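A closer look at the structure
Chain residues, written in single-letter form:
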Amino acid sequence: PNVNRMSESAIAALAPVAGLDVELTDGVLSLTINRPDSLNSLIIPVITGLADAMEAAATDPAVRVVRLGGAGRGFSSGAGISADDMSGGGGVSPD
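Residues numbered from 1 in each chain as written. Predicted model: local features only at pLDDT ≥ 70, side-chain atom pairs only at ≥ 80, totals over all residues. Heavy atoms only, no water.

What to know about the overall build of the protein
Secondary structure assignment for the protein yields two helices and four strands. Taken from the N to the C terminus, the helices and strands of the protein come in the order β-β-β-α-β-α. Looking at the protein as a whole, 35% of its 95 residues are labelled buried. In the protein, the proportion of contacts linking residues at least 24 apart, taken out of those at least 6 apart, comes to 57%. Split by element, the accessible area of the protein, about 5500 Å² in all, is 55% carbon and sulfur. (Helix = DSSP H or I, 4+ residues; strand = E, 2+ residues; numbered from the N terminus. Buried < 20%, exposed > 50% of the residue type's maximum accessible area, 1.4 Å probe, protein only. Contact = heavy atoms within 4.5 Å. Areas by Shrake-Rupley, 256 points an atom, 1.4 Å probe, with all protein chains shown as cover.)

Structure (structure tokens):
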């Protein structure tokens, strides 16, 4: 995840995931699926990153609310089914 302003939160310890931006500001944990070229289709690494962030948020006193969104013109087109998505690459270069 792209982690901003989280040095004192357990959220900062999350492993980076290409295609998922994570930011904690003023108690709001923003999780943004950032794969606009595929209308934010979901691939296994992004789903795992979302689950990890939600689990960490559940026990982190710095997190008051979780906001889930998508970059670009759509929230999510659903499961990624392209050959690249199925191979785990998802067409997203690592940060």
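A short note on unusual backbone geometry
At Leu 39, a position not held by glycine, the phi torsion is positive, near 55°. Within the secondary structure, Leu 39 sits in the loop between β3 (28–33) and α1 (44–59). Assessed through its relative accessible area of 30%, Leu 39 is described here as partly exposed.

Describing α1
Between its terminal C-alpha atoms α1 stretches 23 Å, which fits the 22 Å expected from 16 residues at 1.5 Å a residue. Of the positions making up α1, those classed as buried are Val 46, Gly 49, Leu 50, Ala 53, Ala 56 and Ala 57. Within α1, the buried residues cover an arc of 135° as seen down the axis, which keeps them to one side. Within α1, the exposed residues directed more than 90 degrees away from the buried face are Ile 44, Glu 55, Ala 58 and Thr 59. Summarising the contacts, the buried residues of α1 are in contact with β2 (20–25), β3 and β4 (65–70). (Expected span 1.5 Å × (residues − 1). Arc of directions from axis to C-beta.)

What to know about the side chain of Ser 30
Assignment of secondary structure puts Ser 30 in strand β3. Of the residues examined, Ser 30 reaches a relative accessible area of 18% and is grouped as buried. Once you skip the residues sitting within four places of it in the chain, Ser 30 turns out to touch Asp 21, Val 22, Glu 23 and Arg 67.

Section: the pairing of β2
Here β2 shows a clear split, with Leu 20, Val 22 and Leu 24 buried on one side and none of Asp 21, Glu 23 and Thr 25 buried on the other. Counting the residues between successive antiparallel strands, the hairpin from β2 to β3 contains two residues, one of them, Asp 26, with a positive phi of roughly 55°. (Pairing = 2+ DSSP bridges.)

Side note on the pairing of β3
Judged by how many residues are buried, β3 sits mostly within the fold: five of six residues are covered. By the bridge criterion, six bridges tie β3 to β4 in an arrangement that is parallel. Paired with Leu 31 across the bridge in β4 is Leu 68. Once you follow β3 into α1 and on to β4, the crossover reads as right-handed. (Right-handed = clockwise from strand over helix to strand, strands pointing away.)

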